[in-house]
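Chains, contacts and geometry: an overview
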Amino acid sequence: RLDPDVVRERRWGFGSEIPYHVAWWQDYLPKIGVKPERIRRWTRENCSTEWNSIQDDMVYARCGRFPTPGAGSVFAVELAERPSFVVELPPPKNSHIHNVVSYFVCFLMIRLWSLFYTAKRGDRGFWPAAKDLVTIIFVPAAFRYQERVRKGQQKRPR
């Protein structure tokens, strides 16, 4: 069983990871006649740790190999490092001043304002009088009609 203060401090922030690891003391003596250095360390080699959040003060371990006889079968519970917590922010709104649509709307507003202003202060006598319109539109049409009649391409209406 683990100390309740340690369990309380390590209860949150690990997500689906196990907050503990079971390790054993490895004391490896080299064979006679071989000169490698002696190995003394804590290792998690061939050990798997099981932990249930419901029974949060109990840590279970399964090791596939026994420690060396001279080590005295020493096991310990290591506290795992907390995983890094990365906050994913929601994507920003698509309403920045550098948005292409914003530039297009601004350009369109300026263009429409300039057209309105030009039309407002423009020539008020632009359209010709009714008599001039008759001359402009109907006189050439009448001339073309009379030419076709004279050439025999069109009959006079009765």
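Above this text sits the structure in question.
Overview of the structure.

Reading the values: the criteria
Residues numbered from 1 in each chain as written. Predicted model: local features only at pLDDT ≥ 70, side-chain atom pairs only at ≥ 80, totals over all residues. Heavy atoms only, no water. Helix = DSSP H or I, 4+ residues; strand = E, 2+ residues; numbered from the N terminus. Buried < 20%, exposed > 50% of the residue type's maximum accessible area, 1.4 Å probe, protein only. Contact = heavy atoms within 4.5 Å. Areas by Shrake-Rupley, 256 points an atom, 1.4 Å probe, with all protein chains shown as cover. Pairing = 2+ DSSP bridges. Axes fitted to C-alpha atoms, helices over the stretch in contact; angles between N-to-C directions. Expected span 1.5 Å × (residues − 1). Bend = angle between axes of the 7 residues up to and from the residue.

On to the overall build of the protein chain. Scanning the protein chain from terminus to terminus reveals three helices and five strands. Order of helices (α) and strands (β) in the protein chain, N terminus to C terminus: α-β-β-β-β-β-α-α. Across the 158 residues of the protein chain, 13% fall into the buried class. Within the protein chain, counting contacts between residues at least 6 apart in sequence, those at least 24 apart form 54% of the total. Surface summary for the protein chain: the accessible area is close to 14,300 Å², and the carbon and sulfur share equals 60%.

On to unusual backbone geometry. Peptide bonds are trans in most cases, and residues, glycine excluded, mostly fall at negative phi. Of note, Asn46 is a non-glycine position whose phi angle comes to about 60 degrees, a positive value. One can find Asn46 in the loop between β2 (39–43) and β3 (47–51).

Residue placement: Thr43 occurs in strand β2. Not counting residues up to four positions away in its chain, the partners in contact with Thr43 are Ala23, Trp24 and Gln26.

Turning next to the sheet that holds strand β1 (residues 20–28). Within a sheet, each strand pairs with its neighbour through backbone hydrogen bonds, oriented either parallel or antiparallel. Spatial strand order, β2-β1-β5: three strands in an open sheet with antiparallel pairing. Here the strands that pair on one side only, and so sit at the sheet edges, are β2 and β5 (75–79). Each adjacent strand pair in this sheet contributes to an overall mean axis angle of 30 degrees, direction not counted. Here β1 pairs with β2 via five bridges, running antiparallel. For Trp24, the partnering residue across the bridge sits in β2 and is Thr43.

Its 22 residues place the ends of helix α3 (residues 130–151) 31 Å apart at the C-alpha level, agreeing with the 32 Å of an ideal helix rising 1.5 Å per residue. The largest bend in α3 amounts to roughly 35 degrees and is located at Phe138, with the proline Pro140 lying one to four residues further along. Of the residues one or two after α3, Gly152 is the one with positive phi, at around 85 degrees.

Remember, this is a structural readout, not a statement about activity or role.
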